[in-house]
Amino acid sequence: MLTTNGKFYILKCTKCNTEFDEKKTCTTCLKCGHPLDVIYDYKYIKQRLNLYALKNSPISALKYLLLYPIINLEKIISLNEGGTPLHHCGNLSEEYKIKNLYVKNEGANPTGVFKDRGTLVEITKALEMGAKAVCVASTGNMAASVSAYCSIAKIPCYVLVPEGTPIGKLAQTLSYGARIIQVRGTYSECAKLAVEVSKKHGFYLAGDYVFRLEGQKSQAYEIAEQLGWKAPDYLLCPIGCGTNLAAIWKGFVELKKLELIEKLPKLIGVQPEGCNVITKAFKEKKHTFKPIEKPNTICSAVAAGNPLDGSKVLKALYESKGTVCELTDEEVLEAEQTLAKQEAIFVEPSGALPIAAVAKMSQKGFFKKDDIVVCIATGNGLKDPKSAVKILPDPPTIDPQMSEVDNYLKYKLYQIQAEGMKNKTKVLWERIPTLEKLKKIIHNEFGIKINKVILKKALESIKEFENKGKTLTKQDLQNIIEEQIDEYNIKEKYLEIIDFETKTSKYKEAEASLKIKYGDKILLAQAKGVGTVDAIIKALKKSIKPHDKLHIKLTDYNVEIFTGGVDASVKVTMKARDKKGNKIISHATSPDVIVASVNAFEKCYNFLYHKNHSN
Ligand SMILES: *Cc1c(COP(=O)(O)O)cnc(C)c1O
Ligand SMILES: [Zn+2]
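Residues numbered from 1 in each chain as written. Chains lettered and ligands numbered in written order. Predicted model: local features only at pLDDT ≥ 70, side-chain atom pairs only at ≥ 80, totals over all residues. Heavy atoms only, no water.

**Q** Any chance you could explain the pattern of salt bridges here in plain terms?
**A** Where side chains of opposite charge bring their charged atoms close, a pairing between them can arise. Overall, the coordinates contain 27 salt bridges when judged by the stated rule. In this structure, Glu254 engages Lys217 in a salt bridge whose closest nitrogen and oxygen atoms are separated by 3.0 Å. Placement of Glu254 in helix α10 (residues 243–257) and of Lys217 in the loop between α8 (210–216) and α9 (218–226) is noted, with a sequence separation of 37 residues between them. Among the residues examined, Lys217 registers a relative accessible area of 0% and is labelled buried. Lys474 serves as the salt-bridge partner of Glu445, at 3.4 Å between the closest nitrogen and oxygen. (Salt bridge = Lys/Arg side-chain N within 4 Å of Asp/Glu carboxyl O. Helix = DSSP H or I, 4+ residues; strand = E, 2+ residues; numbered from the N terminus. Buried < 20%, exposed > 50% of the residue type's maximum accessible area, 1.4 Å probe, protein only.)

**Q** Help me understand a positive patch on the surface in this model?
**A** Residues Lys412, Lys439, Lys449, Lys452 and Lys456 make up a contiguous surface patch of positive charge. Looking at where Lys452 falls in the secondary structure, it is placed in helix α19 (residues 452–467). Its relative accessible area of 56% is what places Lys452 among the exposed residues. (Patch = residues over 30% accessible without salt bridge, like charges linked within 9 Å, V, L, I, M, F, W, Y side chains within 5 Å. Areas by Shrake-Rupley, 256 points an atom, 1.4 Å probe, with all protein chains shown as cover. Lys, Arg positive; Asp, Glu negative; His and termini not counted. Charge placed at Lys NZ, Arg CZ, Asp CG, Glu CD.)

**Q** What is the right way to look at the side chain of Thr173 in this model?
**A** Relative to the elements of secondary structure, Thr173 occurs in helix α6 (residues 167–175). Owing to a relative accessible area of 1%, Thr173 belongs among the buried residues under this scheme.

**Q** Where do I start with the coordination of the zinc ion (ligand 2) in this structure?
**A** Surrounding the zinc ion (ligand 2) are the protein donor atoms Cys13 (SG), Cys16 (SG), Cys29 (SG) and Cys32 (SG), which sit 2.2 to 2.3 Å from the metal. Classification of the site at the zinc ion (ligand 2) rests on its four donor atoms, whose angles at the metal span 101 to 122°, yielding the label tetrahedral. (Donors = N, O, S within 2.8 Å, 3.2 Å for Na, K, Ca; no water. Tetrahedral: all angles 85-135°; square planar, octahedral: opposite > 155°, others 65-115°.)

**Q** Is there a simple way to explain the sheet that holds strand β8 (residues 179–183) in this structure?
**A** What links the strands of a sheet is backbone hydrogen bonding, and the strands pair in either a parallel or an antiparallel sense. With parallel pairing, four strands are arranged side by side in an open sheet as β8-β7-β6-β9. Of all the strands in the sheet, just β8 and β9 (204–206) have a single pairing partner and so form its edges. Going across the sheet, the axis of each strand differs from the next one's by a mean of 20°, ignoring polarity. In terms of strand pairing, strand β6 (residues 134–137) meets strand β7 (residues 157–162) through four bridges, oriented parallel. Bridge pairing links Ala137 to Leu160 in β7. This element, helix α7 (residues 187–201), spans β6, β7, β8 and β9 of the sheet and lies at about 160° to β6. (Pairing = 2+ DSSP bridges. Axes fitted to C-alpha atoms, helices over the stretch in contact; angles between N-to-C directions. Contact = heavy atoms within 4.5 Å.)

**Q** Would you mind going over the environment of Ser138 with me for this structure?
**A** As for its placement among the helices and strands, Ser138 is situated in the loop between β6 and α5 (141–153). Note: C-alpha distance between Ser138 and Ala194 (56 residues apart in sequence) is 9.5 Å. Looking at Ser138, its side chain comes within polar contact range of the main-chain nitrogen of Gly140, at 2.6 Å. (Polar contact = N/O pair within 3.5 Å; in protein donor to acceptor, adjacent residues only side chain to side chain.)

**Q** What exactly am I supposed to notice about the pairing of strand β12 (residues 323–327) here?
**A** Each regular strand displays side chains that alternate between the two surfaces of the sheet. Of all the five residues making up β12, four are buried; the element is thus mostly covered by neighbouring parts of the structure. Note: strand β11 (residues 266–272) against β12, five bridges, orientation parallel. Bridged to Gly269 within β12 is Val324.

**Q** Which parts of the structure should I look at to understand the site of ligand 1?
**A** In the vicinity of ligand 1 lie 18 residues, with Lys115, Asn141, Gly240, Cys241 and Thr378 positioned nearest. Contacts to ligand 1 include Lys115, whose side-chain N or O atom sits 2.6 Å from an oxygen atom. Coverage of ligand 1 by the protein chains reaches 98% of its 380 Å² of free accessible surface. Counting atoms within 2 Å of the grid points, the majority share of ligand 1 lands in the largest cavity. Here the shell around ligand 1 is composed, by residue class, of seven nonpolar, eight polar and three charged. (Near = heavy atom within 4 Å. 1 Å grid on protein atoms, 1.4 Å probe; cavity = no way out; pocket = protein on both sides within 12 Å on 5 of 7 lines; lining within 4 Å. Sits in = over half its atoms within 2 Å of the grid points. Nonpolar A, V, L, I, M, F, W, Y, C, P; charged D, E, K, R; others polar.)

**Q** Looking at this structure, how should I read helix α17 (residues 413–420)?
**A** Residues that lie three or four places apart on an α-helix share one face, since the helix turns once every 3.6 residues. Taken residue by residue, α17 has Leu413, Ile416, Gln417 and Gly420 as its buried positions. Buried residues in α17, looked at end-on, bunch into an arc of 95°, giving them a common side. Buried-residue contacts for α17 involve α16 (402–410), α18 (435–446) and α20 (474–488). (Arc of directions from axis to C-beta.)

**Q** Is there a simple way to think about the nonpolar core in this case?
**A** If you look at soluble globular proteins, the nonpolar side chains tend to sit buried side by side. In this structure, Val146, Leu235 and Phe252 are the most contacted members of the largest nonpolar core, which totals 78 residues. By residue number, the principal contributor to this core is α5, which donates seven residues. The residues touching Leu235, leaving out its near neighbours within four places in the chain, are Ile223, Leu245, Ile248, Phe252, Pro265, Lys266, Leu267, Ile268, Val374 and Ile376. Listed in part, the 36 residues of the second largest apolar core include Tyr494, Leu514, Ala600 and Phe601. (Core = buried A, V, L, I, M, F, W, Y, C linked by side-chain atoms within 4.5 Å.)

**Q** Got a minute to help me understand the packing of α18 against α20 in this structure?
**A** How two helices pack is summed up by the angle between their axes together with the distance between the axes. One way to put it is that α18 packs onto α20 with a least axis distance of 12 Å and a crossing angle of 105°. Judged on the interaxial angle alone, α20 and α18 are roughly perpendicular. Residues Leu438, Ile441, Ile442, Glu445 and Phe446 of α18 lie in contact with α20, whose contacting residues are Lys474, Leu477, Gln478 and Ile481. Class assignment of the residues belonging to the contact of α18 with α20 gives a composition of six nonpolar, one polar and two charged. (Parallel < 35°, antiparallel > 145°, perpendicular 65-115°, else oblique.)

Shown next as structure tokens:
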């Protein structure tokens, strides 16, 4: 046995080789501050391994218990992590010309991320050492994972996350009962603070430290097992703190030591351009890295500017004779969609980094046809739905009528929306186009043909926009087309706002006067309101009051700005309800928030009017 106190492992500093008792430190070296490593007595492990059971039982993280530094098996806190699918990419194999392309779907873990494998060991160790409370800094996923295990262990969990952490991760963490503090700062600042907090208050410090790394090795064990006890040729993994890729490497190295596999994989470390600490150091052939103060990427889970295990992961990359790949946020978001569309695996942006790298590298002919390539899809897409919908169309809302579905299909609204997601900010003309030219532009940009009536209306609308001094983008054109198709399908406008004028100032109530067509009547009205929109709607309601039977009530009002700048188009969404309880959601777009609001209200009214008079 390796140590005299009955343990089959020791903790050692990766830099100065000092040995530590785990009760003294299990985070970083007390002498030089570098990460620690767990060193095992593999002879001892090999003697105790039951190879038959190992090879004939279902895959799971728990069946590799002997390879974790756990002493007290009674303290184990497990949520049945691991055993995740190694998905063969049938469709993408063809596209990238790699026959054996696989995705290890780590989103299938209990809290939706590979970190659960590490948390299994980390929180078990925390209990072994008598922890009364846990503290962890996180970009979100670690928080959710650690707090889930703490809830089972019945110990409080304090979490520090950067402000703006994705909503799915926050919701999870709060639900598991953690005490979250949002920090105005980066992940690295949270990590530093967590060290101080746990020291001062005696909390067990969880995070990207040795015990976690030991648990995360099981990804390598499982991949080897799922490939029939061999390593892939290439393994691609995103790098945040570097703990995970270092863990996977250690897992493969151990399997080779235990003679369960013959050769090791080449590692490919993947980072976004906005946080390329390790990829940059690797490209410069360095063994140390320069931290980035302010990472800037949509891949929030890897936005670690000062990676705790940076030196470990660099070493692993060199040892494996691997390489690195850097990607833009756009490439990542596109890969996220590709993986979902082609292989039905929905990941968060960080989880899409490896497949984005495969797309990029295969274009340059990096992989051979017969290579076995495994991508770690690190986290579930539901954790960060906002970043996904950012590049996805907003589906239309319709009345429960077949005719509306038919319109959706007839006008190919799905295609307008899909095409509209590309080059949104492109300016399509210098001078207002002719009808013929507009038709061509719409066909080029959206791949559709629209009828003359809608086309003419669209052109009118374009002129209105430009009269207000607005330069139209592709996004604006899309909104106009969708709106015109929408309106084309309402037979007549019962209510039409012909014109309005408003007066507004900083301290006084807003005033509005307006002229409307209501059925066959022309009505005029004036009113005051809290703001301009309020005044207009009050005036409108006042003018129709003697005739109105709908009594519509606004239940929600939301303004969304598409691009930066005060001249940007805004999209107003209104929800309204009539006396009978019919509900409607309407949208309107304009560079003028007031005009958009008025149009949205007009639509709400007309929708509900037709609903009341059609059946
Ligand atoms: C934590 C995390 C990473 C980065 O892993 P490191 O061990 O920090 O390198 C990547 N993707 C997801 C989804 C994560 O949660
Ligand atoms: Zn040291």
